[in-house]
Amino acid sequence: MTRASTGFAHENLLRELAPQVLGAVTRRFGDFGAAEDAVQEALLAASLQWPKEGLPDNPRGWLIQVAARRMTDHIRSETARRRRETVAATDASMERSVAPVVGLPSLAAFAWSSGAPSVTETDPDDTLILLFMCCHPALTSSSAIALTLRAIGGLTTAEIARAFLVPESTMAQRISRAKQSIKVSGVPFSMPTREERTDRLAAVLHVLYLIFNEGYTSSFGARLQRAELSSEAIRLARALLKLLPNESEVAGLLALMLLTDARRPARTGPDGELIPLDKQDRTLWDEGAITEGVALISATLSKGMIGPYQLQAAIAAVHDEAKQSEDTDWPQILALYGLLKRMSDNPMVALNHAIAVGMVHGPRAGLDLLKTLDADDRLAGHYRIAAVRAHLLEMAGDHQAAIEHYRVAADRTTSIPERDYLLTQAARLAAGRSG
Amino acid sequence: MKFMLMMNAPKGDGDWGISKWSQEDLKAHISFMKTFTGGLAARGELVGAEGLATPGQAKLVRASKDRRPITDGVFPESKEFLAGYWIVDVDSPERAYQIAAEASAAPGKGGEPLYMPIEVREVMSAPPVEV
């Protein structure tokens, strides 16, 4: 399926309607996996018919009807198949007494789908329920990401496969297995309970952030498609915030994405090489995204209930508000990392905290802090600790040691742009120059 | 026809030759690789390309009798290691060799061509259509 690749004008509308339609169809028929396939077919049909025949009066109703028709076809053929199987396995005289097959969606759905054309109501909670479902903890994160992009994002399997640089058949299999796991785990199509809600929302936010990061850490050759992943994550976070305007961490995540993504144009050079924050041409930063992100995080922080995404967004905002790298308010960043460290056990947070300490209290203080992190198994052998150490050693003027650690970091990283950047740092110091 | 072009990089004097190059040499090399692979893609010849992490992180794995993995910590000593590969779809082996030669001459220290050995292997395909 190459629905979106034709630059179809109704694409945005379709993508926006996709989860609403899926919610309505799943609610009615119960079978999420089959409903998801039916909705994809309806989206494809729309992308073929609408440009020729014009936009229907009620696009959402149109999609629901088409998807519902697919569902009834699916159920009919499933029922027929099962009946054949049952008949084959039982005495022919029993045939007339075969009961409706248990486990299939209710036949009442037929009546609905062939009934009045005005059945287009959708529940605003549907999109939310679907998100909770696609990001269910029973799924691996790669499955949750793929399923979210298809079921909620309305992307085709081909598009998702391209973005993740895997064959389409691989991605199709991943999605179908994800749907199977949801079926097996017996997750009901309803809101999580009050007790579950916090954890389940955290899982949703985590999946959206992973999608964003996939796009942000672009690798060679895949740059374009992957940047679209970041935009998609931002779009989904926006939609989620509309549904949950009072969840401060949702606002925090959206602000974090906007404030990070704002720097994208300055983050790589002409050969795709990484440009670190302090060397970026800040005039290239997206001012609109910064303004929006800063306003959002400021409004959110003033409400109380501070969480890790909000703190990270606040840190990003401090960076983004500095017109030059020398203007960066490091004491404020240090204070924010201090708060974040208390809230999160993530060793990467501890590393960034050490950098902030180095910037405020001098590189030796940062290096001392790093020593306490050497014992952390999660960081042992990780390139990031070597890279941070190299950076602090360079600040401290110990260039020989800095070169060694840059090289160790280059040797350990699995990202080509990152490796090239670290090697370049080592080479720059080795040449006895700075800048 | 599809070919896999395997780039065997010299280990160099230390663990890894490239880590001792100057900034300019690095830049020239990185820029070459980008242009080279970008060119393959633009001509419709590129099927796939990947760079591999350094051999220091490599493990040799065999199954034990109970089928569980036994890993050897280190990669066997060798002068060269597989640094990455391209898969290209071209009309003839000659075209694949041409592409390999271009990659082989990627600039190294002092801008001198590296003359890296590139192993060219044809990728096996489905049986031919019967006529």
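A quick note: this is a predicted structure, and the numbers were derived from the prediction, not measured.

Observations regarding the overall build of chain B
Across its full length, chain B holds 2 helices and 6 strands. Ordered by position from the N terminus, the helices and strands of chain B form the series β-α-β-β-β-β-α-β. Taken against the 2.2 N^0.38 rule, which gives 14 Å for 131 residues, the C-alpha radius of gyration of chain B at 18 Å runs more than 25% over that of a compact globule. Based on the C-alpha atoms only, the size of chain B along its principal axes is roughly 50 × 50 × 20 Å. Looking at chain B as a whole, 18% of its 131 residues are labelled buried. Taking all contacts inside chain B whose residues are at least 6 apart in sequence as the whole, residues at least 24 apart take part in 72%.

Comments concerning the overall build of chain A
Secondary structure assignment for chain A yields 20 helices and 0 strands. Residue pairs in contact within chain A that sit at least 24 positions apart in sequence constitute 63% of those at least 6 positions apart.

Description of the environment of A:Leu139
Residues and elements named next belong to chain A. Relative to the helices and strands, Leu139 resides in the loop between helix H5 (125–134) and helix H6 (141–151). Residue classification places Leu139 among the buried positions, given that 24 C-beta atoms sit within 10 Å. Through-space distance from the C-alpha of Leu139 to that of Lys179 is 9.2 Å; in sequence the pair is 40 residues apart. When sequence neighbours within four positions are dropped, the list of residues in contact with Leu139 reads Ala144, Ala178 and Ser181.

Let's talk about helix H20 (residues 416–430) of chain A
Here H20(A) contains 15 residues, and its C-alpha end-to-end distance of 21 Å stays within 8% of the 21 Å for a straight helix at 1.5 Å per residue. Along H20(A), the residues that are buried comprise A:Pro417, A:Arg419, A:Asp420, A:Tyr421, A:Leu422, A:Leu423, A:Thr424, A:Gln425, A:Ala426 and A:Ala427. At its buried positions, H20(A) is contacted by helix H18 (383–395) and helix H19 (399–412) of chain A together with helix H1 (23–42) of chain B. One or two residues past the end of H20(A) sits A:Gly432, with phi positive at roughly 70 degrees.

Observations concerning the interface of chain B and chain A
Opposite the 18 residues of chain B that make contact, chain A presents 18 residues. Per element, the largest residue contribution to the side of chain B that touches chain A is 7 residues, and it comes from H1(B). For the side of chain B that touches chain A, the class distribution of residues is 7 nonpolar, 9 polar and 2 charged.

Topic: the sheet that holds strand E5 (residues 80–89) of chain B
Backbone-to-backbone hydrogen bonds pair the strands of a sheet. The strands run either parallel or antiparallel. Residues and elements named next belong to chain B. Pairing is antiparallel across the open sheet formed by 4 strands, whose spatial order is E2-E5-E1-E6. In this open sheet, the two edge strands, each paired with only one partner strand, are strand E2 (46–51) and strand E6 (118–122). Averaged over all adjacent pairs, the angle separating strand axes in this sheet is 20 degrees, with direction ignored. Where strand E1 (residues 2–10) lies against E5, 9 bridges are found, and the strand directions are antiparallel. Following the sheet pairing, Pro10 is matched in E5 by Glu80.

Some thoughts on the environment of B:Thr37
Residues and elements named next belong to chain B. Looking at the secondary structure, you find Thr37 in helix H1. Note on Thr37: 18 C-beta atoms within 10 Å, which makes it partly exposed. The sequence separation of Thr37 and Trp86 amounts to 49 residues, and the corresponding C-alpha distance is 8.4 Å.

Topic: helix H1 (residues 11–29) of chain A
Residues and elements named next belong to chain A. For H1, built from 19 residues, the straight-helix expectation of 27 Å at 1.5 Å per residue is met to within 8% by its first-to-last C-alpha distance of 26 Å. The sharpest bend along H1 comes to roughly 35 degrees, located at Leu17, with the proline Pro19 sitting one to four residues further on. Just downstream of H1, Gly30 is the residue with a positive phi angle, here 85 degrees.

Comments concerning unusual backbone geometry
All names here are of chain B. Its identity as a non-glycine residue notwithstanding, Arg67 has a phi of 70 degrees, on the positive side. Note that Arg67 resides in the loop between strand E3 (60–63) and strand E4 (69–72). Taking the number of C-beta atoms within 10 Å as the measure of exposure, Arg67 has 6 and is therefore exposed. For Tyr115, which is not glycine, the phi torsion reads 50 degrees and is therefore positive. Considering the arrangement of structural elements, one finds Tyr115 in the loop between helix H2 (93–104) and E6. Note on Tyr115: 12 C-beta atoms within 10 Å, which makes it exposed.

What to know about the packing of helix H13 (residues 287–301) of chain A against helix H14 (residues 308–321) of chain A
Residues and elements named next belong to chain A. Packing of H13 against H14 leaves a shortest axis separation of 10 Å and a crossing angle of 135 degrees. On the basis of the axis angle, H13 is oblique to H14. Judged by the sense of rotation from one axis to the other, the crossing of H13 with H14 is left-handed. Packed against H13, whose contacting residues are Ile290, Gly293, Val294, Ile297, Thr300 and Leu301, the element H14 presents Gln310, Ala313, Ala314, Ala317, Asp320 and Glu321 at the interface. The residue inventory of the contact of H13 with H14, partitioned by class, reads 7 nonpolar, 3 polar and 2 charged.

Details of the confidence of the model for chain B
Confidence along chain B averages 86 in pLDDT terms, with 90% of residues attaining 70 or more. Note on the complex model: pTM 0.83, ipTM 0.78.

What counts as what
Residues numbered from 1 in each chain as written. Chains lettered and ligands numbered in written order. Predicted model: local features only at pLDDT ≥ 70, side-chain atom pairs only at ≥ 80, totals over all residues. Helix = DSSP H or I, 4+ residues; strand = E, 2+ residues; numbered from the N terminus. Rg over C-alpha atoms; globule rule 2.2 N^0.38 Å. Buried ≥ 20, exposed ≤ 12 C-beta atoms within 10 Å, placed from the backbone. Contact = placed C-beta atoms within 7 Å. Expected span 1.5 Å × (residues − 1). Nonpolar A, V, L, I, M, F, W, Y, C, P; charged D, E, K, R; others polar. Pairing = 2+ DSSP bridges. Axes fitted to C-alpha atoms, helices over the stretch in contact; angles between N-to-C directions. Bend = angle between axes of the 7 residues up to and from the residue. Parallel < 35°, antiparallel > 145°, perpendicular 65-115°, else oblique. Left-handed = near helix turned anticlockwise from the far one by under 90°. pLDDT = per-residue confidence, 0-100.

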